[in-house]
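Descriptive analysis of the structure
Listed below, chain by chain, are the residues.
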Amino acid sequence: MNEIVRDLSIPNDWDRRGLPGWTYHSDAMLELEKQHIFREHWQIACHVSDLPEPGSYLTMDIVGERALILRGQDGEIRGFHNICKHRGSRLVADDQGKCRNALVCPFHGWVYNLDGTLRGPSRPNSFPALDKVAFGLTPLDTEIWMGFVFIRFARGQQASVAEIMAPFTEELRHYQSETMVPAGEIFTQTTPVNWKSVRDVDNEGYHVAMAHPALQDLYGQTYYDEPFVNGICRSFATYNPHAGRRWSVRNYVKICQDNPRLPERLKKAWIYYGLFPNAVIAVTPETVQFYQEFPISKSQTMLRGAVYRYKDESREQEVARYLQMRIDRDTLAEDVQLTIWSNEAMASKTYSNFYLSDLEYGVRTHHDHLRRVLPVMTLETAPDEKEMAVVNARMRV
């Protein structure tokens, strides 16, 4: 399906190097990334089912920004900066919850309607007349695609999610992901690496056979990666119904049932859809999930994600989902160790650069996307930290 609309060929003679090591250990680079990579690109906040009724809300703190995602009385889901217009207090302190029909700032008691407009300040006579919209919450770009809620803190060059992900829409529509419900809470995990080291590992499957025994048992030789083209990538595998060297895999393939929603070619598929710069939506016959990573510092990253299931799942699907979780849990632990080893090398004086296989072309294409946004990354030698932003701005012209 995707081959028709996307050129997925690997060049005969391509630059097999990765990003220079200094880009993984620069505070100035991180500040540029926060703005141009993270704030100016779409990020997955949650799924519509995480906000089941009017007044349901969810907060999300990333790269120095505070987001509030809220379902209004009209049923619409909106994103706002989680900042009171009075003194900048955090308006909502909890990660997730539900309010009745208004939000009250815990600092001075300003009240906001669920559409973000100001209802009124406390002690209104101490203020001049306040415009309810101008003094309302500052909105975020918000888009819902396939049941996932995307937000963006700053307008950049990126198109809408629907436009970018269009090559995957037909395939993903079979899963009816917009009808799913949470299989658990949104999880976060901190790992001691630069965020790009996480992407570098996740953007290639060359390491699966060696580093992920459960996935290798499950997939066999069926796994393949598609590179980043126009901001998206895709990885695809089908599980072997005769696999079973490992307990979780053996029982998963034994109990996994055909999903009647899916065409034959997808009934045994595990697929990963990547959206630049850092988001992945993954599907299996039982679940849809998202995961992503955000920098906390140049050497610390937050992993964030959630899993969703069908409302009418059978007992067999529930057990298969549990076994899938065990496989994913082991895979995540293995990937975290790989990212640590790789990230350590970036700081070594003996590090020269990657030398990538054709099977790792996805890493190169992700790096190329980063270079287009931040051309300073093309420099083999790091500019002075104080000059980083200036140099990058000059190169972007």
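Scroll up to find the structure.
Residues numbered from 1 in each chain as written. Predicted model: local features only at pLDDT ≥ 70, side-chain atom pairs only at ≥ 80, totals over all residues. Heavy atoms only, no water.

1. What to know about a nonpolar patch on the surface
Spelled out, the test is: Only residues above 30% relative accessible area that lack a salt bridge enter a patch, with like-charged residues linked at up to 9 Å and the nonpolar side chains Val, Leu, Ile, Met, Phe, Trp and Tyr linked at up to 5 Å. A 1.4 Å probe and the Shrake-Rupley method give the accessible areas. Residues count as covered only by the protein chains that appear here. Throughout this description, the term salt bridge denotes a Lys or Arg side-chain nitrogen within 4 Å of a carboxyl oxygen of Asp or Glu. Here a helix means four or more residues in a row that DSSP labels H or I, a strand means two or more in a row labelled E, and each is numbered from the N terminus.
A cluster of nonpolar side chains, namely Trp-247, Tyr-322 and Met-325, defines an oily patch on the protein surface of about 320 Å² accessible area. Counting through the fold element by element, Trp-247 comes out in helix H8 (residues 247-255).

2. Description of the sheet that holds strand S6 (residues 103-104)
Heads up, the condition is: Note: two strands are recorded as paired if DSSP finds a minimum of 2 bridges between them.
Taken together, three strands build an open sheet; the order of strands is S6-S7-S8 and the sheet is antiparallel. In the strand order of this sheet, the two ends are held by S6 and strand S8 (118-120), each with one partner.

3. Points about the sheet that holds strand S4 (residues 77-81)
Heads up, the rule is: Lines fitted to C-alpha atoms define the axes here, with helix axes fitted over just the stretch in contact, and angles between the N-to-C directions of these axes take values from 0 to 180 degrees.
One open sheet holds the four strands; their spatial order is S4-S3-S2-S5, and the pairing between them is antiparallel. Two strands bound the open sheet, and with one partner strand each, they are S4 and strand S5 (96-98). On average, each strand axis in the sheet is inclined to that of its neighbour by 20°, with strand direction left out of account. Sheet topology note: the strand S3 (residues 65-71)/S4 ladder contains five bridges and is antiparallel. Bridge pairing in S4 links Ile-69 to Gly-79.

4. Let's talk about the pattern of salt bridges
Basically, it comes down to this: Categorising residues by exposure relies on relative accessible area from a 1.4 Å probe, with only protein chains included: less than 20% of the type maximum marks a residue as buried, more than 50% marks it as exposed, and the intermediate range marks it as partly exposed.
Enumeration over the complete set of coordinates arrives at 25 salt bridges. The salt bridge partner of Arg-152 is Asp-141, with a shortest N-O separation of 3.1 Å. Here Arg-152, found in strand S10 (residues 148-152), pairs with Asp-141, found in strand S9 (residues 141-145); they are 11 residues apart in sequence, far enough to count as distant. Between Asp-217 and Arg-245 there is a salt bridge, with its nearest N and O atoms 3.9 Å apart. Of this pair, Asp-217 sits in helix H7 (residues 213-219) while Arg-245 sits in the loop between strand S14 (232-238) and H8; the two residues are 28 residues apart in sequence, bridging distant segments of the chain. Accessibility expressed as a relative area gives 4% for Asp-217, which makes it buried. What emerges from the salt-bridge pattern is a single network uniting Asp-15, Arg-17, Arg-364, Asp-368, Arg-371 and Glu-380.

5. What to know about H8
The condition that has to hold: The arc under discussion is defined with respect to the helix axis, by the directions toward the C-beta atoms. Any two residues whose heavy atoms approach within 4.5 Å at even a single point are treated as in contact.
Among the residues making up H8, those that are buried are Ser-248, Val-249, Tyr-252 and Val-253. Relative to the axis of H8, the buried residues are bounded by an arc of 115° and lie together on one face. On the buried face of H8, the contacting elements are H7, strand S15 (269-275) and helix H9 (315-346).

6. Brief notes about the packing of H8 against H9
For the record, the criterion: Small angles under 35 degrees read as roughly parallel and large ones over 145 as roughly antiparallel, with 65 to 115 read as roughly perpendicular and the rest as oblique. Definitions for this section: a left-handed crossing has its near helix turned counterclockwise from the far helix by less than a right angle. A right-handed crossing has that turn clockwise.
Remark: H8 packs on H9, axes separated minimally by 9 Å, with the N-to-C direction vectors making an angle of 155°. It follows from the interaxial angle that H8 and H9 lie roughly antiparallel. The crossing of H8 and H9 is left-handed. Of the residues in H9, those in contact with Trp-247, Ser-248, Val-249, Asn-251, Tyr-252 and Ile-255 of H8 are Glu-316, Val-319, Ala-320, Leu-323, Gln-324, Arg-326 and Ile-327.

7. As for unusual backbone geometry
Here Phe-276 and Pro-277 are connected by a cis peptide whose omega angle stands at 10°. As for its placement among the helices and strands, Pro-277 is situated in the loop between S15 and strand S16 (279-283). With phi around 40°, Val-63 is a residue other than glycine that occupies positive phi space.

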